[in-house]
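Given next are the chains, with one letter for each unit.
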Amino acid sequence: AWGLTRATNDIDFVADGAFSRQTIAFAESLGYETIHTSEAFSHHVHPESDYGRVDLLYIYGTTADRLFDNATKRVSAREVSAPVLRPEHLAMMKALAMKNRPHRVLIDSPDVAFLLSLPDFDREQVRDYFARYGLLELFDAIDRHRS
């Protein structure tokens with residue numbers, strides 16, 4: 001939604017965790033099979049390869065309110081419209097993924113570098129977030145080496 005195309009086999013959505021059951025039921029009503037579900041995320045695959053795999057990440061309470069209230073654009077496809085989180089929030093979610101699963105550094109660092117290049121990106125807010133998770137050196141390296 002922000003202009004980066006990356007070859008993956010899935011699409012990720014962020015959803016309010018208070019509605020996870022309804023969100024999963026909606027995916028299943030579209031023909032998706034639920035492969036895994038937890039409080040934090042769920043994975044779904046469609047039998048028709050054109051529909052692919054969908055990963056849902058659940059956020060809750062004030063975090064959900066803040067992120068969705070600050071969404072600055074919308075995308076539409078097949079008569080469905082959805083808010084798009086700010087690039088800063090996406091970069092912070094990438095930081096958390098890298099903190100929890102260090103091998104994700106190889107996957108998510110290029111995405112963070114791209115997000116850093118967007119106009120009006122609040123670099124200091126994201127840098128502070130990386131620092132809170134002990135990832136300041138990583139952030140600075142991504143920032144230094146972005147194209």
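Everything below is about the structure shown above.
Conventions adopted
Residues numbered from 1 in each chain as written. Predicted model: local features only at pLDDT ≥ 70, side-chain atom pairs only at ≥ 80, totals over all residues. Heavy atoms only, no water. Axes fitted to C-alpha atoms, helices over the stretch in contact; angles between N-to-C directions. Helix = DSSP H or I, 4+ residues; strand = E, 2+ residues; numbered from the N terminus. Parallel < 35°, antiparallel > 145°, perpendicular 65-115°, else oblique. Left-handed = near helix turned anticlockwise from the far one by under 90°. Contact = heavy atoms within 4.5 Å. Nonpolar A, V, L, I, M, F, W, Y, C, P; charged D, E, K, R; others polar. Buried < 20%, exposed > 50% of the residue type's maximum accessible area, 1.4 Å probe, protein only. Polar contact = N/O pair within 3.5 Å; in protein donor to acceptor, adjacent residues only side chain to side chain. Phe/Tyr/Trp six-rings, centres within 6.5 Å; stacked < 30°, edge-to-face > 60°. Expected span 1.5 Å × (residues − 1).

Draft legend 1. Up close: the packing of helix 4 (residues 105–116) against helix 6 (residues 136–145). The interhelical angle for the contact between helix 4 and helix 6, taken along N-to-C directions, is 60°, at an axis separation of 9 Å. Compared by their axis directions, helix 4 and helix 6 come out oblique. For helix 4 against helix 6, the interelement crossing comes out right-handed. Listed contacts from helix 6 to Val105, Ser109, Val112, Ala113 and Leu116 of helix 4 are Leu138, Phe139, Ile142 and Asp143. For the contact of helix 4 with helix 6, the residue count by class is 7 nonpolar, 1 polar and 1 charged.

Draft legend 2. Quick look at unusual backbone geometry. Of note in this structure, Asp120 is not a glycine but carries a positive phi near 65°. Tracing the sequence through the fold places Asp120 in the loop between helix 4 and helix 5 (123–132).

Draft legend 3. Expanded view of the side chain of Ser109. Secondary-structure assignment places Ser109 in helix 4. Residue classification places Ser109 among the buried positions, given a relative accessible area of 12%. If near-sequence neighbours (up to four positions away) are discounted, Ser109 is found in contact with Met98, Arg104, Leu138 and Ile142.

Draft legend 4. Representation of the environment of Phe68 in the model. By the secondary structure assignment, Phe68 is in helix 2 (residues 61–69). Phe68 sits 18 residues away from Arg86 along the chain, and the two C-alpha atoms are 8.9 Å apart. Those residues within four positions of Phe68 in sequence are excluded, and the remaining contacts are Val14, Ala15, Asp16, Ile59, Pro83 and Leu85.

Draft legend 5. Structural view of the side chain of His44. Tracing the backbone shows His44 in strand 3 (residues 41–45). For His44, a relative accessible area of 0% corresponds to the buried category. Among the polar contacts listed, one links the side chain of His44 to the side chain of Thr34, at a separation of 3.1 Å. Setting aside residues up to four positions removed in sequence, His44 forms contacts with Ile24, Ala27, Tyr32, Glu33, Thr34, Ile35, Gly52, Arg53, Val54, Leu56 and Tyr58.

Draft legend 6. Local environment of the packing of aromatic side chains. Considering all chains together, one arrives at 2 aromatic pairs under this definition. Judged by centre distance (5.0 Å) and plane angle (55°), the rings of Tyr129 and Tyr133 are tilted. Accessibility expressed as a relative area gives 15% for Tyr129, which makes it buried.

Draft legend 7. Seen up close, helix 4. With 12 residues, helix 4 ought to run about 16 Å at 1.5 Å a step, and its terminal C-alpha atoms sit 16 Å apart, in line with that. Buried within helix 4 we find Asp108, Ser109, Asp111, Val112, Ala113, Leu115 and Leu116. Tucked inside the fold, the buried residues of helix 4 contact helix 3 (87–100), helix 5 and helix 6.

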